[in-house]
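A structural walkthrough
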Amino acid sequence: MKRALICGISGQDGAYLSRLLLDKGYEVFGTARDAQMALFHNLRLLGIQNRIGFHSMALNDFRSVLQVITRVKPDEIYNLAGQSSVGLSFDQPVETLESNSVGILNLLEAIRFTERPIRLYNAGSGESFGDTDGDAADEDTPFRPRSPYAVSKATAFWEVANYRDAYKLYACTGILFNHESPLRPERFVTQKIVKAACRIASGSDEKLSLGNISISRDWGWAPEYVQAMWMMLQQEAADDFVIATGESRSLEEFVAQVFEVLSLSWRDHVVADPSLFRPSEIMINRGNPSKAARVLGWRVVHKMRDVARLMVEAEMASLAAREG
Ligand code: NDP
């Protein structure tokens, strides 16, 4: 039985990845900064929290990282922990850089120190590419980060590449574009839109305030993206992969689709709020997943319209369950 350690298990991806690995027969361990206080709401929703061993780990504290790795003795480590919001990174740049780029360095050092053949996955981001003017970014596209978050993810990418090259560690980065699900926190715009639209459909007369809706993103379905993470660690040699749908859709199209699923017109319910614009913004991003398709056999199933519909259906079901 393989053992996996998932750092940042309480988040959206941590929950779906845990379910995938449990289904594959793995023994799954997960970390939170304070595992005693964490509620593991997402793991509860998936009904798997009792099948996981939890540990507290502060990624920016080398002793804590080394201690957990030594106790768990994992075959695979998935690093999903860190400050994950682009918007918040403009307000917490130091926290963002530390959690995303010092954290992975501690993991790489700890693996090197223990001299165990541990395979490491690091959560990179398509945000690192910056604005590609609508061109699909692939593994050879240079990084031009436009937020503290993207800078931290680009830094972490090069740390992983350097340790793979210099110390022959099996370490790779998945450069994932946006992926959504009902487990996305409301701080993220997709979930903010879905929740507000569902409340409006259920009778609320509120208005939904949004920033720049002309931006375009490559939106995928989170449960499919965690499969790619696992596939990356099953290859003969470690490598980096772009994971995306290959299609970019505007936020306006996402909003329109959400309201359309609910038989509403978005223009009646949405107001523009310039205070929600970011200091610097990527207008369009798009990823090219051909290498992942060719080497990993990974293929996207759900694209933006499906993602919006699935999120609305889940939210309406959850509202109905609460009312019932
Ligand atoms: P979440 O924000 O849902 O989860 C991240 C986890 O990291 C949290 O559960 C939290 O765990 C921990 N964490 C949060 N802030 C910090 C911090 N400041 N220091 C240390 N740990 C922290 O993220 P997702 O599951 O959506 O994403 C997983 C990873 O993939 C993240 O690194 C994200 O940046 C990256 N990514 C995500 C994309 C997406 O579209 N979802 C796209 C590209 C990359 P706890 O509070 O329990 O310690």
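Attention in this report is confined to the structure presented alongside it. (Residues numbered from 1 in each chain as written. Predicted model: local features only at pLDDT ≥ 70, side-chain atom pairs only at ≥ 80, totals over all residues. Heavy atoms only, no water.)

Thoughts on the site of the ligand
Applied cut-off: We call a residue near a given molecule or strand whenever any one of its heavy atoms falls within 4 Å of it. As used in this structure description, the phrase polar contact means that two N or O atoms lie within 3.5 Å; if the pair is within protein, one of them must be able to donate a hydrogen and the other to accept it, and residues adjacent in sequence are counted only when both atoms belong to side chains. Secondary structure is summarised from DSSP: a helix means a run of H or I of at least four residues, a strand means a run of E of at least two, and numbering begins at the N terminus for each. In the scheme used here, Gly and all other residues not listed as nonpolar or charged are polar, with Ala, Val, Leu, Ile, Met, Phe, Trp, Tyr, Cys and Pro taken as nonpolar and Asp, Glu, Lys and Arg as charged.
Taken together, 23 residues lie around the ligand, and Ser10, Arg33, Ser84, Glu95 and Tyr149 are the ones closest in. At 2.8 Å, a backbone N or O of Asp13 approaches an oxygen atom of the ligand. One of the side-chain N or O atoms of Lys153 is found 2.8 Å from an oxygen atom in the ligand. If you list the elements that add at least two residues to the shell around the ligand, you get helix H1 (12-23), helix H5 (93-114), strand E5 (119-125) and helix H6 (148-167). Counting residues per element, the shell around the ligand draws most heavily on E5, which supplies 3 residues. Residue composition of the shell around the ligand, by class: 7 nonpolar, 11 polar and 5 charged.

As for the side chain of Asp13
Selection rule: Only protein chains enter the accessibility calculation, which uses a 1.4 Å probe; a residue whose area is less than 20% of its type maximum is buried, one above 50% is exposed, and one in between is partly exposed. By the counting rule applied here, Lys and Arg register as positive and Asp and Glu as negative, while His and the ends of each chain are not counted. We define a salt bridge as a contact between a side-chain nitrogen of Lys or Arg and a carboxyl oxygen of Asp or Glu at a distance within 4 Å. By definition in these notes, contact holds between two residues if any of their heavy atoms fall within 4.5 Å.
Relative to the helices and strands, Asp13 resides in helix H1. For the buried Asp13, no salt bridge exists, and the shortest N-O distance to an oppositely charged side chain is 6.4 Å, to Arg184. Every residue in contact with Asp13, bar those within four places of it in the chain, is listed here: Leu80, His179, Ala222, Val226 and Met229.

What to know about the sheet that holds strand E1 (residues 3-7)
Applicable threshold: Paired strands, as defined in this entry, are two strands with at least two bridges between them according to DSSP. Interaxial angle, 0 to 180 degrees, is taken between N-to-C directions of lines fitted to C-alpha atoms, where a helix line uses only the stretch in contact.
Taken in spatial order, the 7 strands line up as E3-E2-E1-E4-E5-E6-E11 in an open sheet, and their pairing is parallel. If you trace the sheet from one side to the other, it starts and ends with strand E3 (52-56) and strand E11 (241-243), each paired once. Each neighbouring strand pair of the sheet contributes to a mean axis angle of 20°, computed without reference to strand direction. In terms of strand pairing, strand E2 (residues 27-32) meets E3 through 5 bridges, oriented parallel. Within E3, the position partnered with Ala32 by the bridge is Ser56. Packing against the sheet, H1 makes contact with E1, E2, E3 and strand E4 (76-79), and its axis sits at approximately 175° to E1. Sitting on the sheet, H5 is in contact with E1, E4, E5 and strand E6 (170-176), with an inclination near 165° to E5.

None of the figures reported here should be taken as evidence of function without further support.
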